[in-house]
2 protein chains.
Amino acid sequence: MTSESRAVLVTAGFLDAREDDLRRIAAGRARLHRLEQGLPLAVAELADVAAAFLSIDLMKAGTDMGRNPALSAFAAAVEAAPGLRWIHTCASGTDRALLQDAMRRGVTVTSSTGANAPAVTASAMAGLLALARGVPQWVRDQDARHWRLPAAAALPRDLAGQHAVVVGVGAIGGGIASACRALGMRVTGIRRHSLASTDCDAVATLEELPTLLPDADWLVLACPLNAHTRGLVDAALLERLPAHAGLVNVARGEAVVEADLFAAVRAGHLGGVYADVFAQEPLTQDSAWWTLPRTLVSPHAAGLSGGFARRTQDMFLDNLERWLSGQPLRNVAQPAPPA
Amino acid sequence: MTSESRAVLVTAGFLDAREDDLRRIAAGRARLHRLEQGLPLAVAELADVAAAFLSIDLMKAGTDMGRNPALSAFAAAVEAAPGLRWIHTCASGTDRALLQDAMRRGVTVTSSTGANAPAVTASAMAGLLALARGVPQWVRDQDARHWRLPAAAALPRDLAGQHAVVVGVGAIGGGIASACRALGMRVTGIRRHSLASTDCDAVATLEELPTLLPDADWLVLACPLNAHTRGLVDAALLERLPAHAGLVNVARGEAVVEADLFAAVRAGHLGGVYADVFAQEPLTQDSAWWTLPRTLVSPHAAGLSGGFARRTQDMFLDNLERWLSGQPLRNVAQPAPPA
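Residues numbered from 1 in each chain as written. Chains lettered and ligands numbered in written order. Predicted model: local features only at pLDDT ≥ 70, side-chain atom pairs only at ≥ 80, totals over all residues. Heavy atoms only, no water.

S.K.: Can you break down the overall build of chain A residue by residue, with the values?
M.R.: Of the regular secondary structure elements, chain A holds eleven helices and twelve strands. For chain A, the C-alpha radius of gyration of 22 Å lies close to 20 Å, the compact-globule estimate for 339 residues. Referenced to the eigenvectors of the C-alpha coordinate spread, the extents of chain A come out at roughly 75 × 45 × 35 Å. When the 339 residues of chain A are sorted by exposure, 56% land in the buried category. Counting every atom, chain A has about 13400 Å² of accessible surface; 54% of that belongs to carbon and sulfur. Between the mean site of the 31 positive side-chain charges and the mean site of the 33 negative ones, chain A shows a separation of 3 Å. (Helix = DSSP H or I, 4+ residues; strand = E, 2+ residues; numbered from the N terminus. Rg over C-alpha atoms; globule rule 2.2 N^0.38 Å. Buried < 20%, exposed > 50% of the residue type's maximum accessible area, 1.4 Å probe, protein only. Areas by Shrake-Rupley, 256 points an atom, 1.4 Å probe, with all protein chains shown as cover. Lys, Arg positive; Asp, Glu negative; His and termini not counted. Charge placed at Lys NZ, Arg CZ, Asp CG, Glu CD.)

S.K.: How would you explain helix H3 (residues 69-80) of chain A if you had to name every residue and give the values?
M.R.: If you check H3 of chain A, its first and last C-alpha atoms are 16 Å apart, about what twelve residues at 1.5 Å a residue would give, namely 16 Å. What H3 of chain A keeps buried is the set Ala70, Leu71, Ala73, Phe74, Ala75, Ala77 and Val78 of chain A. (Expected span 1.5 Å × (residues − 1).)

S.K.: Break down the sheet that holds strand E9 (residues 218-221) of chain B for me, with residues and values.
M.R.: Where strands meet in a sheet, backbone hydrogen bonds hold them as pairs that are either parallel or antiparallel. All names here are of chain B. Strand order across the open sheet formed by seven strands is E8-E7-E6-E9-E10-E11-E12, with parallel pairing between neighbours. Two strands in the sheet have a free side with no partner beyond their single neighbour: strand E8 (202-205) and strand E12 (295-297). Shown here is a sheet whose adjacent strand axes are inclined to one another by a mean of 15°, direction ignored. Bridging between strand E10 (residues 246-249) and strand E11 (residues 272-275) involves four bridges; their strand directions are parallel. Within E11, the residue paired with Asn249 across the bridge is Ala275. (Pairing = 2+ DSSP bridges. Axes fitted to C-alpha atoms, helices over the stretch in contact; angles between N-to-C directions.)

S.K.: Got a sec to walk through the environment of Leu317 of chain A? Specific residues and values, please.
M.R.: Residues and elements named next belong to chain A. Position of Leu317 among the secondary structure elements: in helix H11 (residues 308-324). On the basis of relative accessible area, Leu317 is assigned to the buried category, the value being 5%. Taking the C-alpha atoms as reference points, Leu317 and Arg105, 212 residues apart in sequence, are found 24 Å from one another. Discounting residues that sit within four places of it in the chain, Leu317 has contacts with Phe14, Arg18, Asp21, Leu22 and Ile25. (Contact = heavy atoms within 4.5 Å.)

S.K.: Which residues make up the side chain of Asp57 of chain A, and what values do they have?
M.R.: Residue and element names in this part refer to chain A. Tracing the backbone shows Asp57 in the loop between strand E3 (49-54) and H3. No salt bridge is formed by the buried Asp57. Its closest oppositely charged neighbour is Lys60, at 6.6 Å. In this structure the side chain of Asp57 is engaged in a polar contact, spanning 2.6 Å, whose partner is the side chain of Thr11. Among the polar contacts made by the side chain of Asp57, one reaches the side chain of Ser55 at a distance of 2.5 Å. Look past the residues within four positions of Asp57 in its chain and what remains in contact with it is Thr11, Gly13, Phe14 and Gln37. (Salt bridge = Lys/Arg side-chain N within 4 Å of Asp/Glu carboxyl O. Polar contact = N/O pair within 3.5 Å; in protein donor to acceptor, adjacent residues only side chain to side chain.)

S.K.: Residue-level account of the relation of the copies chain A and chain B, with values.
M.R.: Relative to chain B, chain A is turned by 180° and slid 0.0 Å along the rotation axis, the superposed coordinates differing by an RMSD of 0.0 Å. What the rotation and shift describe, once combined, is the action of a two-fold rotation axis. Both copies share a contact surface, since 100% of the interface residues of chain A are interface residues in chain B too. (Least-squares fit on C-alpha atoms with pLDDT ≥ 70 in both.)

S.K.: Before we move on, can you summarise the interface of chain A and chain B with the specific residues and values?
M.R.: It is common to report an interface's size as the accessible area lost on association of the parts. At the interface, 62 residues of chain A touch 62 residues of chain B. In terms of surface lost to chain B, no three residues of chain A exceed Gln142, Arg145 and Trp147 of chain A, which account for 18% of the buried area on that side. Across the contact surface, chain A and chain B share four salt bridges. Of the charged contacts in the structure, one is a salt bridge between Asp143 of chain A and Arg140 of chain B, with a shortest N-O distance of 2.7 Å. The tally of links from chain A across to chain B stands at 26 residue pairs in polar contact (both at pLDDT 80 or more). (Buried area = accessible area lost by both parts, 1.4 Å probe.)

S.K.: Would you mind going over the side chain of Asp95 of chain B in detail, with residue names and values included?
M.R.: All names here are of chain B. In this structure, Asp95 sits in the loop between strand E4 (86-89) and helix H4 (97-104). Taking the relative accessible area as the measure of exposure, Asp95 reaches 12% and is therefore buried. Of the polar contacts made by the side chain of Asp95, one reaches the side chain of Arg252; its length is 2.9 Å. Residue contacts for Asp95: discarding those within four places in its chain leaves Gln100, Leu225 and Arg252.

S.K.: Please set out the pairing of strand E2 (residues 31-35) of chain B residue by residue, giving values where relevant.
M.R.: Residues and elements named next belong to chain B. Pairing of strand E1 (residues 7-11) with E2 involves five bridges; the strand directions are parallel. Note that in E2 the partner of Val10 across the bridge is Arg34. In this view, the connection linking E1 to its parallel neighbour E2 by way of helix H1 (residues 12-26) has right-handed handedness. (Right-handed = clockwise from strand over helix to strand, strands pointing away.)

S.K.: An account of the packing of helix H7 (residues 171-182) of chain A against helix H7 (residues 171-182) of chain B is needed here, citing residue identities and associated values.
M.R.: Interhelical geometry of H7 of chain A versus H7 of chain B gives an angle of 175° and a closest axis separation of 8 Å. Relative to H7 of chain B, H7 of chain A is oriented roughly antiparallel. Each of Ser178, Ala179 and Ala182 of chain A in H7 of chain A lies in contact with H7 of chain B, whose residues at this interface are Ser178, Ala179 and Ala182 of chain B. Of the residues belonging to the contact of H7 of chain A with H7 of chain B, the class tally is four nonpolar, two polar and no charged. (Parallel < 35°, antiparallel > 145°, perpendicular 65-115°, else oblique. Nonpolar A, V, L, I, M, F, W, Y, C, P; charged D, E, K, R; others polar.)

S.K.: Describe helix H6 (residues 135-143) of chain A, listing the residues and the values that go with them.
M.R.: Those residues of H6 of chain A lying buried are Val135, Pro136, Trp138, Val139, Asp141 and Gln142 of chain A. As for H6 of chain A, its buried residues are in contact with helix H5 (117-133) and strand E12 (295-297) of chain A together with helix H5 (117-133), helix H6 (135-143), E11 and E12 of chain B. One or two residues past the end of H6 of chain A sits Arg145 of chain A, with phi positive at roughly 50°.

S.K.: Could you give an account of the pairing of strand E9 (residues 218-221) of chain A, naming the residues involved and the relevant values?
M.R.: All names here are of chain A. Burial along E9 is two-sided: Trp218 and Val220 facing one way and Leu219 and Leu221 facing the other are all buried. Two strands pair when backbone bridges link them, and strand E6 (residues 163-167) and E9 are joined in this way by four bridges, in the parallel orientation. Bridge pairing in E9 places Val167 opposite Leu221. Assessed by its sense of winding, the connection that carries the chain from E9 through helix H9 (residues 235-240) to strand E10 (residues 246-249) is right-handed.

S.K.: So what's going on with the packing of aromatic side chains? Residues and values would help.
M.R.: As enumerated under the stated definition, the model contains 18 aromatic pairs over all chains in all. Between Phe262 of chain B and Trp289 of chain B the ring centres are 5.1 Å apart and the planes differ by 85°, which places this aromatic pair in the edge-to-face class. One end of the pair, Phe262 of chain B, is in helix H10 (residues 258-266); the other, Trp289 of chain B, is in the loop between E11 and E12, with 27 residues separating them in the sequence. Its relative accessible area of 12% is what places Phe262 of chain B among the buried residues. Given the relative accessible area of 3%, Trp289 of chain B is considered buried. Here a set of aromatic residues connected by ring pairs shows up, and it is made of Phe14, Phe53, Trp86, Phe316 and Trp323 of chain A. The ring centre of Trp323 of chain A lies 5.2 Å from the NZ or CZ of Arg6 of chain A, which sits over that ring. (Phe/Tyr/Trp six-rings, centres within 6.5 Å; stacked < 30°, edge-to-face > 60°. Lys NZ or Arg CZ within 6 Å of the ring centre and 35° of its normal.)

S.K.: For the sheet that holds strand E7 (residues 186-191) of chain A, give the residues involved together with the corresponding values.
M.R.: Residues and elements named next belong to chain A. Pairing is parallel in the open sheet, where seven strands are placed in the order E8-E7-E6-E9-E10-E11-E12. Two strands in the sheet have a free side with no partner beyond their single neighbour: strand E8 (202-205) and E12. The mean inter-strand angle of the sheet, taken between neighbouring strand axes irrespective of direction, is 15°.

S.K.: So, unusual backbone geometry: which residues are in play, and what are the values?
M.R.: All names here are of chain A. Residue Pro282 is bonded to the preceding Glu281 through a cis peptide linkage, with omega at -5°. For Pro282, the position within the fold is in the loop between strand E11 (272-275) and E12. For Arg294, which is not glycine, the phi torsion reads 55° and is therefore positive. Its location among the elements puts Arg294 in the loop between E11 and E12. The class of Arg294 is partly exposed, set by a relative accessible area of 37%.

Written out as structure tokens, the structure reads:
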């Protein structure tokens, strides 16, 4: 395949942001194919698309294809491109159907794993500490100009000495574990294959998780979504947590059986929930999440930061250089086993 | 002085909570003098009061004497007791006028320093992270059922790599420094006498503070209130901070010149403020604090936790045993130099 006959599919938004870098790297080796926001590409235009970048601007309107024309146009192009060989995603996870489908067709998928880890870590800790100290009540009382101390029976529990179980000890979970320990908490990390982790006090396997929960004050989800973690937090697992325990989910909405969680929280089980991710995003106006008691939600924003988009772009550009010069790509994802 | 002729002044609330421990320790060595909530003691009753415990129940209605009858009754009793030799306070700080006045009269004052340090540390980090990640906006959007991502220009800055200057590196400031570093931040601690601190990346003196601020992303106040820190954060100091910087105050309201802070924030200087302490507490309905832009307030609640009251009681009871058996007291405060 000559340089003239292969194209890299990029969004107009990304092209405009990094045109000089892109053209320098692609020069003489590939053409750039500009995807206008939400406009489908004609099939003829896709014939030479060999690579594509799922950039952050495609996610702005959420990850629900039916309500995100930009993302669905990208997905349609990716699916229809006969010569597609590589997709890079701005996300850490590669669980989206469009990426999993592509992998099953033999397309290589690379991720931006780590690019948002510090921001997700900070958001997870912001959410955990907001629940632990009562920040949502501070905000609501401030808006009501109401100076109100908690009643003696409702004083926050001492966070120091509490036990957090963190599912997934990658860049994000490891960061959360370190931050929890700096606050005097004890941390057990859950990994698929039990390995040592210097970020945690102890490490256990996913199979051991249920036996750990009765002793957990916090269950923090920072794991990839795969066959092992989909629907992980269900009624049976929630029942094993103490009634005062908190749940933090910065992984994927599908790691939690939402109906089971809603039932548990409404029954007074769980002291607090912080969720950044949901089975359906964006949340609709009538979503039960908005008014779930003792619950803080954020709009899948945990990983956003001023430097995030550029870090994912840099990761793509680094891989693009590697791809065009025949070097091994970084952060190649493994296809998930069939469910 | 015989055991029968000396009394320890304690509140009814504390006496009811720890009567067995108190009577066991005092037995045959001192009488207990019960202060009913808000009721003044007759002068005759104060003749034999030799020690007093400023317990947390006295602070419930705030620290403004004019609006807290319980606290003002305690202060009046302490001032009128001719034989008073020792006061233990549930607070970490000993800056309250009633304690400073007593010290000037030769009364020994001991504090509960450290008892609330883990809770204050957690609250300071909850506030800092709430500002850094936009938690107040999450809460308000949740209440409005509004899924809203920040505009590209308003994305949170990457917290990792930011520089926090922490004034006061005691149990609280040291804990804050450790937590910040676990989140990838760089920390300079400010101590009155520059000393090493394993919690910080660097330590500097209060005199060096102004020169450090142009390079600071966060200014965190975790210092005692004394002649060196009263009015520390004024217009001149605020001007030296970058416009995006955040201020966290879990020390004392009087460490900040509030009028200067309000003017700076309203002029768009400072990216965020989290304050738990105020020059006048409780905040009144018409306080400017409630509606100050980019500001989160909590009702002097940073140190509250389920275990806090008991830890301060244990510290008092330990000192009471020492006092009655003639051993040296723990956490003896030094009187502040005259302003």
